[in-house]
Amino acid sequence: MSLVRLKIKGISYSQTQNGAYALILNEVEGDRKLPIVIGAFEAQSIAIALEKEIKPPRPLTHDLFKNFSDRFDIVIKQVIIHKLVDGVFYSSIICERDGIEEIIDARTSDAIALALRFNAPIFTYKTILDKAGIFLKFSSKEKDQKDNDDSIMVDEILQEGETIEIESGASDGYTELTIDELEAELKKAVTNEDYEKAAKLRDEISKRN
């Protein structure tokens, strides 16, 4: 079976269902998206790994695993999403130590959170992408609004699949704040280890830049 390399498109969260998040993966050489339902903690951990400017005052669980692995010369070579059963994705982490490779079973959200920290590539099998991938097409006129359209269309498809509702994140009043106020709120959120709020604030700051 052929492998397809994926990259992270982003994380969507629901305004109506607390704790409902979806990690959106995109094939590197194509337009199909692969939405994966993940938990709030994993969503925060992945968001922090993506947002290089957010530095937790203490290491999160995935950061601790990275520090532990570095100390004992364990390297994650790649992550493979290898199975899809009843809407649940199964993944393997390919590790190496002293030239010996080991395969470790992991939840997909944990595997991706670690892959980000090790700069390891993420793959899935073509059969899985054919089964669960979302193929989105855009006209040239629509490309400027692609990110927003992605969120809406993913939301609709997930609803059809009776998974969860995914909506683009609300501003939570952040649109009314100045850049300086947003930066101050971001620092406060990181200090309080409220990484969900920090990720939303960083998104709003990124929109202004």
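The coordinates are above.
Residues numbered from 1 in each chain as written. Predicted model: local features only at pLDDT ≥ 70, side-chain atom pairs only at ≥ 80, totals over all residues. Heavy atoms only, no water.

(A) Representation of the nonpolar core within the structure. Ranked by size, the top nonpolar core spans 35 residues in total, and within it Leu25, Leu34, Ile76, Ile81 and Ile93 carry the most contacts. Sort the elements by how many residues they give to this core and helix α3 (residues 108–118) lands first, with 7 residues. Excluding anything up to four places from it in sequence, Ile93 contacts Ile76, Gln78, Val79, Glu102, Ile103, Ile104, Ala106, Ala111 and Leu114. Among the nonpolar cores identified, the runner-up in size contains 11 residues, and Ile54, Val190, Ala198 and Leu201 belong to it. (Core = buried A, V, L, I, M, F, W, Y, C linked by side-chain atoms within 4.5 Å. Buried < 20%, exposed > 50% of the residue type's maximum accessible area, 1.4 Å probe, protein only. Helix = DSSP H or I, 4+ residues; strand = E, 2+ residues; numbered from the N terminus. Contact = heavy atoms within 4.5 Å.)

(B) Structural context of the packing of aromatic side chains. Under the defined criterion, the tally for this structure stands at 1 aromatic pair. When the ring of Phe68 is compared with that of Phe72, the centres are 4.9 Å apart and the planes differ by 45°; the resulting orientation is tilted. By relative accessible area, Phe68 is classed as partly exposed at 48%. By relative accessible area, Phe72 is classed as partly exposed at 40%. One Lys or Arg, Lys66, reaches over the ring of Phe118 and ends 5.0 Å from the middle of that ring. (Phe/Tyr/Trp six-rings, centres within 6.5 Å; stacked < 30°, edge-to-face > 60°. Lys NZ or Arg CZ within 6 Å of the ring centre and 35° of its normal.)

So yeah, pure geometry; function would need other evidence.
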